[in-house]
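# Inside the fold
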Amino acid sequence: MDRQATGGLRDVSLTRAWQTLAEHLEEVRPQHLRDLFQLDPERGPRFSAEAAGWYLDYSKNRITPRTVELLLRLARACRLPARIDALFNGDPVNVSEGRAALHVALRMPAGSSVRVEGRDVVPDVQRVLRRMEHFAGKVRSGSWLGGTGKRIRNIVNLGIGGSAIGAGMAWAALQHYGRPDMQFRFVSNVDGADFFEATRDLDPRETLFIVCSKTFRTLETLRNAAAARAWCLEDIQDEGAVQAHFVAVTGNRDAAIQAGFAPEQVFDVWEWVNGRYSLCSAMGLAVLTAIGPAAFREMLAGFHDMDTHFLSAPLESNLPALLGLMAVWNNNFLGSRTVAILPYEHYLRRFPSYVQQLMMESNGKSVTQDGTPVSSHSSPVYWGACGTNGQHSFHQLLHQGTQIVPCDFIGFLTPLPPSADGHEELLANMFAQAQALAFGRPLDEDGEPDEAQFERGHRQVEGNRPSNTLLAATLTPRTLGALVALYEHSAFTQGVVWDIDSFDQWGVELGKTLAARIAQELAAGTAGAHGPDSSTRTLMRKYLDGKTAGAMCAIERT
């Protein structure tokens, strides 16, 4: 357990909940998962829950019924049910910025109601959704034409962070349901190579750019938008015609219009939508265009299924709460500082990166909601890759490394497309990996009692390494929506336990501010003589000297 986990917690019941779990840890620590499963033949189904199309098996965590009881007591001491209500009611749960984090409103059905500062926001959400559907319908039907009269066949999403990662993940996940006659690309990096490679085989006359920036001040996105406009103008050579190749998604409509976007080509997002939670807003416009309005609404329904479950289900059977509490147990008590996300589904290849941003930007904090230092470890490091690729890359460390890495295995009972070969083998590998992590291979199980102790030691796999397994029938827009919402609410659960604000990201803002200052210095040809530290000044000077040398070489070549 964290050495500081019980310090600084003012509420007596909360302090006691941490202390009781710490004492209980000493009972659990010597027990191996092999023994726990042998003692309880029904352990697998006992530690499982099902909702919104997903089955969660958390039996391979190092827990007993008493562990779950104490974790639920901790959740209640942290007032998790009340905090869930506050989230869904539109209360200002983003305390450092004094606003709601009401992403759940983005997927509420028409006719629902939730108020932010006295205003029912659901009608606004539905209005923008209808505009998105109308726009996507015109693009998909071919009635939205480029400036030269050619049909749009390529969509390039320009955004970064929450304005790109979620949409890019969902597009990859739902490719099977998309238009095979259209190309969808996602450009994020300010490195010009990203834009160049994304557009090098595209025709500007058939390409539409969706510029996604909540503030419409994001450096990387505006740079790429400028590059896109120049790329179009080089071919089309008509400023007015180029306008048909751009739409904007932003919370700063005035800035977009000032930048040259027609009002009807600007799609709104709201202050209470955080970037990494914005897939269901107009930030998902590229996804809606790819899969069509009906499939997009199915995805929203899947989100809402899991939202409803999180809001209404008892904590004992609440999938997001249980998943979050298992993460707290592994992190704060068993000392595991990373988590591997392992989807055994090629279409979910971008899901680990999505979860990485969701968890680490939400909960990578070191102060509580009242600004005092966090008294326990907050977010672990999230990472991962698709199975079975990871088995031939990093699973060696998972099985025999000195670090214990809890794993989330994600799979589907039937494949996409339905005729895909190898799906049974894929699931066999997933089940086997979770089994091997849990039970390992003791020294006396190799069947060769006379082999050298040296070789036997190398072949030993200790096991007793925790994992969760998530299963759904098949990957559909609805099951994807429920899966994303599951992890969103797991992140919220963990943030509540740590008493941190899961909806701000001031560390990200600092980097942006410093980058802007340094960029100004570099553009002026100076190296911040009176500002940055000696290391940064030296690095800046190295760049400027190299830039000058490169320019001289170019002159000599001409």
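All values reported here derive from a predicted model rather than from experimental measurement. (Residues numbered from 1 in each chain as written. Predicted model: local features only at pLDDT ≥ 70, side-chain atom pairs only at ≥ 80, totals over all residues. Heavy atoms only, no water.)

Right, let's talk about the overall build of the chain for a bit. In terms of regular secondary structure, the chain is built from 21 helices and 13 strands. In summary, the chain has a C-alpha radius of gyration of 26 Å against a globular reference of 24 Å for 558 residues, a match within 12%. If you line up the chain on its principal axes, its C-alpha atoms span 75 × 65 × 55 Å. The buried share among the 558 residues of the chain stands at 54%. For the chain, restricting intrachain contacts to residue pairs at least 6 apart in sequence, the fraction spanning at least 24 positions comes to 73%. Within the structure as shown, the chain displays about 24,300 Å² of accessible surface, and the carbon and sulfur contribution to it stands at 52%. Taking the average location of the 53 positive side-chain charges in the chain and that of its 62 negative ones, the two points are 5 Å from each other. (Helix = DSSP H or I, 4+ residues; strand = E, 2+ residues; numbered from the N terminus. Rg over C-alpha atoms; globule rule 2.2 N^0.38 Å. Buried < 20%, exposed > 50% of the residue type's maximum accessible area, 1.4 Å probe, protein only. Contact = heavy atoms within 4.5 Å. Areas by Shrake-Rupley, 256 points an atom, 1.4 Å probe, with all protein chains shown as cover. Lys, Arg positive; Asp, Glu negative; His and termini not counted. Charge placed at Lys NZ, Arg CZ, Asp CG, Glu CD.)

The next point concerns the nonpolar core. Counting 129 residues, the largest nonpolar core has Trp 54, Trp 272, Phe 351, Leu 480 and Tyr 487 as its most contacted members. Top contributing element to this core by residue count: helix 19 (residues 477–498), with 12 residues. Residues contacting Phe 351, with those up to four places away along its chain left out, are Met 169, Ile 341, Ile 410, Leu 483, Val 484 and Tyr 487. Formed by 22 residues, the second largest nonpolar core is a distinct cluster that contains Phe 209, Trp 231, Ile 236 and Val 266. (Core = buried A, V, L, I, M, F, W, Y, C linked by side-chain atoms within 4.5 Å.)

Right, let's talk about the side chain of Asp 501 for a bit. For Asp 501, the position within the fold is in the loop between helix 19 and helix 20 (506–523). No salt bridge forms around the buried Asp 501; measuring N to O, its nearest opposite-charge neighbour Lys 365 is 5.3 Å away. Once residues lying within four places of it in the same chain are set aside, the contact partners of Asp 501 are Val 93, Asn 94, Val 95, Ser 96, Ser 362, Lys 365 and Gln 369. (Salt bridge = Lys/Arg side-chain N within 4 Å of Asp/Glu carboxyl O.)

Sheet strands pair by backbone hydrogen bonding; their relative direction is either parallel or antiparallel. Spatially, 6-5-7-8-9 is the arrangement adopted by the five strands of the open sheet, whose pairing is parallel. Of all the strands in the sheet, just strand 6 (183–187) and strand 9 (266–268) have a single pairing partner and so form its edges. When strand polarity is set aside, the average angle formed by the axes of neighbouring strands in this sheet is 20°. Two elements, strand 5 (residues 154–158) and strand 6, share five bridges in a ladder whose sense is parallel. Residue pairing in the sheet places Leu 158 in a bridge with Val 187 of strand 6. Contacts between helix 6 (residues 122–141) and the sheet are confined to strand 5, strand 7 (207–212), strand 8 (246–250) and strand 9, with strand 9 contributing the most and set at about 145° to the helix. (Pairing = 2+ DSSP bridges. Axes fitted to C-alpha atoms, helices over the stretch in contact; angles between N-to-C directions.)

What the rule picks out here adds up to 28 salt bridges. Its salt-bridge partner being Lys 512, residue Glu 509 comes within 3.7 Å of it at the nearest N-O pair. Residue Glu 509 and its partner Lys 512 are located together in helix 20, separated by three residues, close to a single helical turn. For Glu 509, a relative accessible area of 31% puts it in the partly exposed group.

What the six strands build is an open sheet, ordered 1-2-13-12-10-11; its pairing is mixed. In this open sheet, the two strands that pair with only one neighbour each are strand 1 (48–51) and strand 11 (381–384). Mean inter-strand twist for the sheet, computed between neighbouring axes without regard to direction, equals 20°. Of the strand pairs in this sheet, strand 12 (residues 407–412) and strand 13 (residues 467–472) are connected by six bridges, and their pairing is parallel. For Phe 412, the partnering residue across the bridge sits in strand 13 and is Ala 472. Contacts from helix 17 (residues 423–439) reach strand 12 and strand 13 within the one sheet, and its direction differs from that of strand 12 by about 160°.

If you check helix 15 (residues 351–363), its first and last C-alpha atoms are 18 Å apart, about what 13 residues at 1.5 Å a residue would give, namely 18 Å. The complete set of buried residues in helix 15 reads Phe 351, Pro 352, Tyr 354, Val 355, Gln 357, Leu 358, Met 359, Ser 362 and Asn 363. Buried residues along helix 15 sit in contact with helix 7 (165–173), strand 10 (338–343), strand 11, strand 12 and helix 19. (Expected span 1.5 Å × (residues − 1).)

Cis peptide bonds are those with omega within 30 degrees of zero, and the linkage from Gly 387 to Thr 388 qualifies with 5°. Following Leu 416, the chain continues into Pro 417 via a peptide bond in cis, with omega recorded as -15°. Structurally, Pro 417 can be placed in the loop between strand 12 and helix 17.

Residues with a pLDDT of 70 or more make up 94% of the chain, whose mean pLDDT is 93. Residue range residues 3–10 is modelled with pLDDT below 50. Its contacts to residues more than four positions away, or to other chains, number 14 contacts. (pLDDT = per-residue confidence, 0-100.)

Now for helix 1 (residues 12–28). Over its 17 residues, helix 1 runs 24 Å from end to end, which matches the ideal 24 Å to within 8%, given 1.5 Å per residue. Where helix 1 is concerned, the buried positions are Leu 14, Thr 15, Ala 17, Trp 18, Thr 20, Leu 21, Ala 22, His 24, Leu 25 and Val 28. If you follow the buried residues of helix 1, they end up packed against helix 4 (65–77), helix 14 (319–333) and helix 19.

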